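Here's the letter readout for the chains.
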Amino acid sequence: SHLLSLCVCVCVCVCVCVCVLSPTAPPTVRIVHSGQACNVEEERYTERVYTIREGETLELQCLVTGHPRPQIRWTKTAGGASDRQGDSSLHNETLRIKTISRHQGGRYYCKAENGLGSPAIRSIRVDVYYLDDPVITVHQSVGEAKEQFYFERTVFLRCVANSNPPVHYTWRRGREVLTQGADSGVEIYEPFFTQGETKILKLKNLRPQDYADYTCISSVRNVCGIGDKSAHFSLSNRTAPPSIKLLLDDPLVVNPGETITLVCVASGGDPPPTLIWVKPGGEELPKRCVVNGGTLTIPGVTVDDGGAYSCVASNNVGNPAKKSTTILVRGLRKGRFWITPDPYHNDDNIQIGREVKISCQVEATPPEELQFSWLKNGRPLRSSERMVITHTDTDISPGTTNLDIIDLKFTDFGTYTCVASLRNGGTPEISIDVNISSTTVPPELTVPRGRSHLIAQEGDTVDLQCLVSGKPKPIILWSRVEESGAAAAAALMPDGSAQTESYDGVLRISNVTREMGGTYRCQTSQYNGFNVKPREALIQLVVQFPPTVEPVYTEIRQALGRAFSLTCRLLRAHPARLLRYEWKLGSRLLTVGQFSDQKDDTSYHVRALNREGYGEYTCDITNEAGAGRCTFLVTGKAYAPEFYYDTYSALWQNRPRVYGFKLQWTQMEPNAVDRILAYRLGIRQMGQSRWWEQEIPMEGTIQKGELLTYNLTELVKPESYLIRLTPITRYGEGDATERIITYSGEFQCGFEDEALCLFSQDKTDEFDWTRHSAATRDTKYTPNTGPSSDHNGSKQGFYMYIETSRPRLEGDKARLLSPTFNMNSKTSSSSAVSNSPTYCFAFFYHMYGKHIGALNVFLRQKGQTVTDTSVWSLTGNQGDRWRQAKVNIHPTMAFQMVMEGVRGSGIEGDIAIDDVTIEEGECKDPPPNSEYTCTVIIHLLALMGQQR
């Protein structure tokens, strides 16, 4: 807060100020709203609560201070789980959500960090208000249901509406408002544990007058402008819950490609029920289906359309009615076979005189229609003593048929065909041929010579092959094994599956990566082959890849004449032997060498940097698979300047059409490169393309953290400008940085940041003003004085106050000085009197306590002499609330505002101020006359000779 008073300015054509105190500061943050809020209130010791109506626009702004400029990040948490905007946590100051929905309510955090101290975090809870249309449901008491549902029975009308805040319900019968106790036959209550969520109207032993029109009105008392909503229900002796029936078979068995229609009709219910079709588990109906009331039509039905379908009828009376049916689409799939040699002998081969079994398996829908037949050499085969045909139960899926050949003879050799079909047709049959002969032998599995250990490079396409012999040839199953210590753990195949089928014994892996290296297993499947112990073989795949290095790219800034080193580190490589390195500057070779087994990095040293030493250095580390490259860009470019944003914006001038701006910045790492000789300043009015440029010379060496200032003048009101600042060294131009400056006819300060908006303490008074918030203020000794929150009602918000406890004495004064506002007057003193502009100085004050002294405001003008003129004063207890004061001022030269607090007769005399503003033009809507304010119009002649 003392930065400006410690600045030393040197004017050489232009004014450049260098501060001896570093302005670097850790971040502070506060959240303000600028959207369509219904209300913003405080929860004690927690956070602000922002209330908004569903469908409106949420707009929160995160105001930060700190230097360098902090990075901002918005996140949201709800129920303890992070709920980010699509992991797009926002990185700008304003969080804006158009048409906000209820699920977007929750606690929002703004985090600001700039590398200094801990990040600053503030949160605000967003409460989204809404009111859905109410729904009335009707029920009869359990155990009293008869054919006539509501004749001399107790009936419950339940009204439910989703809302936030909790809804208030009102029941009406016709135009009559029903209240508890007004009618002995009516009871209104809330079920236990559901307060505010529903309201039940109980009609005890229905009377003729109870048959009427009922209205439930739900209300959130017009909060956020949300109007009341209502639902209606007509109760009569015909009122009944829904009942339905399905006009179709269950299950419904159809052929593929047919068009099917499911018809559901209401057989009862008043009011007439609504009919819908659903699938269990929330599964969607087929996309091409057509629904018309209770009729569901599915054209061109497929196997995937099979399953359960339910018709649900509801009329908000009783429970919904539901009936289901199952669609079975005829089909055969997954036909397979296997041969089992004689199970009574330990032999995998088929032999004359022994038993052999042929099994055939098919999945069928519906399973009870599945039927098998067998052929031998194309002729039907019937079960006999030596040819035993068996089938599994039709309830078991998939269905299996077995042909047991007892005492195999030479005449039994031939082709056996298993034919699967559905009893009622509708789908093609499946035929599976199995050849039994002297050449029918179990499989053998081998790996081609030289193919059991494969070496590939990343990106290659590699074929793993297992040769399978035998007749018939079975399906080959590929899987992957990774060695993990002593135990083998299964790993996924390159396509993400646990295993892959192959009919030719080849596994092709395209674009192989290093993660795909390891051991692969091929083994025979029992399907389409022998039902014997699987044969298997292993293939080792080694994937070579070039070295992975770091840093891949880095920029190094160096001044001439300095020494530095560049280091390239090896992270991983395969093979990791015979590694070589090669250093280059551009295309010029610097050095080469070979890695030793113990070393995993290589360095290049520059003893003294010269101009030829600037450029791109590369280090290539190579193995058989290729090279990894580290790149270092060595440059003498200066780092970018860092604008200082915590400065008050516009400079005040008495010229009506132009304004000025105090541009302040520090230089990032000024000692990393050669001395900065000057800055190139570029200015472009927003919306235009032309740049104006000039150089700002720098004398001497800029130190890290020094605050530089340049006064921009002749800026046109109310235009905004893009400012670009580029450092220049003997190397050339450095990195530029840009910011936008906007004209503001108002100075505002809520004392939320520690810099106090550049307010400062007067060094000639008896004590200082204190920055505080109600959440941290100690009121142990002075409970009956001072504010309980800032002017906005926030207990976390800050304000300035004078602490009047001991050792303060009556009459002690504390003065707080505003920043200096420059008028840059070029007019004569005689013309300045009539041309002096008017500004409105406003602030909020809190003067509560029986020992309140005085609060005085002075206009301090800083010409050849410094003059203080009283513009406002108030004494005594004004009550425990914040009040606003406004006063017109007419400065004619550079000026400050002085806030003076005077200690009263005792310790209960704390005086606080908050939200100070200075705005161009006369004050509008001044406070009531009961708040003692006085306006003093200042004329230069009246000020002559005055000086405090």
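The structure under discussion appears in the preceding block.
Residues numbered from 1 in each chain as written. Predicted model: local features only at pLDDT ≥ 70, side-chain atom pairs only at ≥ 80, totals over all residues. Heavy atoms only, no water.

### Some words on the state of the cysteines
How we decide: In plain terms, two cysteine sulfur atoms within 2.5 Å form what is called a disulfide here. Here a strand is any run of E in DSSP of at least two residues, a helix any run of H or I of at least four, and the numbering for each starts at the N terminus. When accessible area is computed with a 1.4 Å probe and restricted to protein chains, residues below 20% of their type maximum are described as buried, those above 50% as exposed, and intermediate ones as partly exposed.
Counted according to the given criterion, the structure contains eight disulfides. The disulfide bridge from Cys-62 ends at Cys-110, spanning 1.7 Å between sulfur atoms. Disulfide Cys-62-Cys-110: torsion about the S-S bond near -90°, hence left-handed. Of this pair, Cys-62 sits in strand S6 (residues 58-67) while Cys-110 sits in strand S10 (residues 106-113); the two residues are 48 residues apart in sequence, bridging distant segments of the chain. Each disulfide pairs two cysteine sulfurs, and for Cys-360 the partner residue is Cys-418, the sulfurs being separated by 2.2 Å. Its S-S torsion of approximately -80° makes the covalent link between Cys-360 and Cys-418 left-handed. Of this pair, Cys-360 sits in strand S30 (residues 356-365) while Cys-418 sits in strand S35 (residues 414-422); the two residues are 58 residues apart in sequence, bridging distant segments of the chain. The two residues Cys-360 and Cys-418 agree in class, both being buried. A disulfide-free cysteine, Cys-619 has its sulfur positioned 3.9 Å from the sulfur of Cys-568, the nearest such atom. The buried category is assigned to Cys-619, whose relative accessible area is 0%.

### Some words on the sheet that holds strand S50 (residues 580-585)
Put simply, the rule is: Strands qualify as paired when DSSP identifies two bridges or more between them. Lines fitted to the C-alpha atoms define the axes, with helices restricted to the stretch that makes contact. Angles between their N-to-C directions range from 0 to 180 degrees.
Ordered by their spatial adjacency, five strands build an open sheet running S48-S54-S53-S50-S51, and the pairing between neighbours is mixed. Where the open sheet ends on each side, the last strands, each with one partner, are strand S48 (553-557) and strand S51 (588-594). Sheet twist, expressed as the mean angle between neighbouring strand axes with direction ignored, is 20°. Where S50 and S51 come together, six bridges link them in antiparallel fashion. Note that in S51 the partner of Leu-585 across the bridge is Arg-588.

### Quick word on the side chain of Asp-915
Defined as follows: In this tally, Lys and Arg are treated as positive and Asp and Glu as negative; His is ignored, and so are the chain termini. Think of a salt bridge as a Lys or Arg side-chain nitrogen and an Asp or Glu carboxyl oxygen that are within 4 Å of each other. The definition of a polar contact used here is a pair of N or O atoms within 3.5 Å, where within protein one atom must be able to donate a hydrogen and the other to accept one, and adjacent residues in sequence count solely through side-chain atom pairs. Whether two residues touch is decided by their heavy atoms; if any such pair falls within 4.5 Å, the residues are in contact.
As for its position among the elements, Asp-915 is in strand S74 (residues 911-920). Buried and unpaired, Asp-915 has Arg-30 as its nearest opposite-charge partner, separated by 6.1 Å. A polar contact is formed between the side chain of Asp-915 and the side chain of His-791, at a distance of 2.6 Å. Those residues in contact with Asp-915 that sit more than four places away from it in its chain are Cys-749, Gly-750, Phe-751, His-791, Asn-792, Ala-842, Phe-843 and Phe-844.

### Things to note about unusual backbone geometry
For the bond running from Asn-164 to Pro-165, omega is 5°, close enough to zero to count as cis. Relative to the helices and strands, Pro-165 resides in the loop between strand S14 (163-164) and strand S15 (168-173). Across the junction of Asp-250 and Pro-251, the peptide omega takes the value 0°, indicating a cis bond. Examined against the element boundaries, Pro-251 turns out to sit in the loop between strand S21 (240-246) and strand S22 (252-254). The phi dihedral of Asn-377 falls on the positive side, at around 55°, and the residue is not glycine. Within the element layout of this structure, Asn-377 appears in the loop between strand S31 (370-376) and strand S32 (379-381). If you check the backbone angles, Leu-578 has positive phi at about 55° while not being a glycine. Examined against the element boundaries, Leu-578 turns out to sit in the loop between strand S49 (564-574) and S50. The class for Leu-578 is exposed, based on a relative accessible area of 59%.

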